[in-house]
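Survey of secondary and tertiary structure
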Amino acid sequence: MDYSKSRICGEIRNHNVLIGSCHIVKNISFSITAGETLVIMGPNGSGKSTLLNSMAGTHATGLTIENEAFEIQGKDVNSLDLFERSNLFSIVPQFPEWQSGLSVEKYFYFSRFNHLRAMGGEDLELLEEIITELKIKNLMKRKMNELSGGELKRISIAAALYQNVPVVFLDEPFQALDPQVKDSLAKFLISWQKNKGTTFIMASHDFYWSYKLASKVVFLKKGETLFQGDLVDTFTSENLKSVYDINFEWVSTANNEGFFHPVGSL
Amino acid sequence: MSPLSSNELDKVIFYQLRLPRVLLGLIAGAILGGAGLVFQSLFRNNLASPYTLGVSSGAAFGASLAISLQAWLGISFSTTILSFGFPGLMAFLGALITIGFIYLIGKTKRNFHPSVLILSGVVASFFFSSCIVFLHFMNDSYNTKKIIQWTLGDLSVLGFDVFWVIIPVFIFFTLYLLKMSLSLNVMAIGDNFAISRGLNIQRLRMELFILISLCVSIIISFTGPISFVGLIVPHIVKKLWGVDFRENIFPTLVFSGVFLIFCDFIAHIMVPSMILPVGVITSFLGGPFFLLLILKGKEI
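The next subject is the overall build of chain A. Along chain A, the regular secondary structure elements total 10 helices and 13 strands. Over its C-alpha atoms chain A spans a radius of gyration of 18 Å, differing by no more than 12% from the 18 Å that the globule rule assigns to 266 residues. Structurally, chain A occupies a C-alpha span of about 50 × 45 × 40 Å along its principal axes. Counting over 266 residues, chain A shows a buried share of 38%. For chain A, contacts bridging at least 24 residues in sequence account for 66% of all contacts bridging at least 6.

Listed below in structure tokens is the structure:
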């Protein structure tokens, strides 16, 4: 991986999320590098979704968020209002939201709310590019309640990209997609990142695609960081075993490549 | 003083009774329908109405207390402010108290989350309803009937004084709704979506609940809480014009007004030589309407 082009464009330091006095996420710190993908991994309940939502501001009300620093592109995110934040980052939730009776076309239009408010507007060229690459052009006239889970998921990701922001949080984007769709999605994310320089911060359980996309990894367990760092150094079978409490094996594929896969105990 | 000729009498009836009544019906219907449309989206519940937050109970209690006081103290506060009599002003006060109560709870608990607003509305409704029933018992049958009649909702109006208040409220209401249509659309998709696109949904919910409740309160302080308009018409309009607020607000306002004056027309002719309160007819139509929706299998 060529790091000469990468720039640190932000960081988060000692980020905590609490319910009352109980920590759900404790002392998470990492730097955000422009144009790269950081993957957050960990078992169910380790706090991945909470971490992402608390950074994006879409967390449940009643949670307390504290951190020492949270900066993106030199701006202190904690002091920004929602509108300013919406120009800096977006989030694709784990379970897409939808409105019955709303057409996909209009969903994309409303997705540009931060631009529409600021006297900007639609970017039809960009939209065309996104829906063609993600193969969702045929869904534009459909109503959201008529879509399958996978279609809804792809549209939800597309809408966040259409918002055209420097940082995008993705909560389990590969979940519930078939292998072919996962492949196109991964290819699309990679080419998008190369062209636009968007930073992806992604929570995922998908060991194959996370390994392909990420340049940095953070392993969470019970709300705290167990391991973090560059992909090759951190993504090892020992670390994976400590995090997930299950054995992992390296599976070789063509071209000296491969991936890690959990090995069941049956 | 010489008696009016038949021609002059017709003019008086038309200009002082009929015309203002129709205008009031159109405006009151429009505000109730528009409020219902917005609240159904705000609460993510198609059974929501302008009265979900209990302002109708607060207003009804205010009016009932006023009628009771007039009976017990033997006074008749016949002075009116722009056609709002003592019951009307007390009704508005009751509605304001309800709005204040919901605001306080919404502010302290989960920041105006819809479920908190609805539950506080239920509390207010139950409390004021039981107070009203208490007043029923404390009054003789004549005044109890007056109280019940007020809570049914009535479009009776004499002259145009009330429009000094009602027309500005209507203009504000319409312009406000049209201005918020984009934000309403964004919020309707989902909380996560709205926040990530930069819409402050807590502030929007608070603003919507207060401003719309105020407009509704002003109307029902004069007419009494007319039921079902704010529930039925938004349903029909959404089925025909869709869920996009940029396209369904205007039809809602128009058809809610038309629906109300249509109900008032039936209220005039249903029982000979008697004008029923319009709220009786709107309730009559409400039940069968829902039955139709259920039988046709369309999702509510």
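Right, let's get into the confidence of the model for chain B. Taken residue by residue, chain B gives an average pLDDT of 91. The fraction at 70 or more is 97%. In the predicted assembly, ipTM is 0.93 and pTM is 0.92.

Once that is clear, we can look at the interface of chain A and chain B. Chain A puts 24 residues into the contact, and the matching count from chain B is 20 residues. Only α2 (82–86), β7 (89–92), α3 (104–110) and α4 (113–117) of chain A provide two or more residues apiece to the side of chain A that touches chain B. The element contributing the most residues to the side of chain A that touches chain B is α2 of chain A, with 4 residues. For the side of chain A that touches chain B, a count of residues per class yields 10 nonpolar, 11 polar and 3 charged.

Attention now moves to the packing of helix α3 (residues 86–108) of chain B against helix α4 (residues 114–138) of chain B. Residues and elements named next belong to chain B. It is the contact of α3 with α4, at a shortest axis distance of 9 Å, that shows an interaxial angle of 140 degrees. With respect to α4, the axis of α3 lies oblique. Between α3 and α4 the crossing geometry is right-handed. The residues of α4 that touch α3, namely those facing T98, F101, I102, I105 and G106, are V116, L117, S120, G121 and A124. Of the residues belonging to the contact of α3 with α4, the class tally is 6 nonpolar, 4 polar and no charged.

A word on the confidence of the model for chain A. Scored by pLDDT, chain A has a mean of 92; 98% of the residues are at 70 or more. Here residues 1–5 of chain A scores under 50 on pLDDT; set against residues more than four positions off or in separate chains, the count is 1 contact.

For the rest of this paragraph, the subject is the nonpolar core. Among the nonpolar cores identified, the biggest contains 143 residues, and V168 and F169 of chain A together with I31 of chain B are the most heavily contacted of them. The element contributing the most residues to this core is helix α1 (residues 6–42) of chain B, with 12 residues. Residues in contact with F169 of chain A, not counting those within four places in the same chain, are L52, M55, A56, F89, I91, V92 and I201 of chain A.

Even without glycine at this site, A176 of chain A takes up a positive phi of about 65 degrees. Within the element layout of this structure, A176 of chain A appears in the loop between β8 (167–171) and α7 (179–196). Take A176 of chain A: there are 16 C-beta atoms within 10 Å of it, and that puts it in the partly exposed class. Within the chain, R44 of chain B stands out as a residue other than glycine whose phi angle is a positive 50 degrees. Position of R44 of chain B among the secondary structure elements: in the loop between α1 and α2 (55–73).

Procedures and definitions
Residues numbered from 1 in each chain as written. Chains lettered and ligands numbered in written order. Predicted model: local features only at pLDDT ≥ 70, side-chain atom pairs only at ≥ 80, totals over all residues. Helix = DSSP H or I, 4+ residues; strand = E, 2+ residues; numbered from the N terminus. Rg over C-alpha atoms; globule rule 2.2 N^0.38 Å. Buried ≥ 20, exposed ≤ 12 C-beta atoms within 10 Å, placed from the backbone. Contact = placed C-beta atoms within 7 Å. pLDDT = per-residue confidence, 0-100. Nonpolar A, V, L, I, M, F, W, Y, C, P; charged D, E, K, R; others polar. Axes fitted to C-alpha atoms, helices over the stretch in contact; angles between N-to-C directions. Parallel < 35°, antiparallel > 145°, perpendicular 65-115°, else oblique. Left-handed = near helix turned anticlockwise from the far one by under 90°. Core = buried A, V, L, I, M, F, W, Y, C linked by C-beta atoms within 7 Å.

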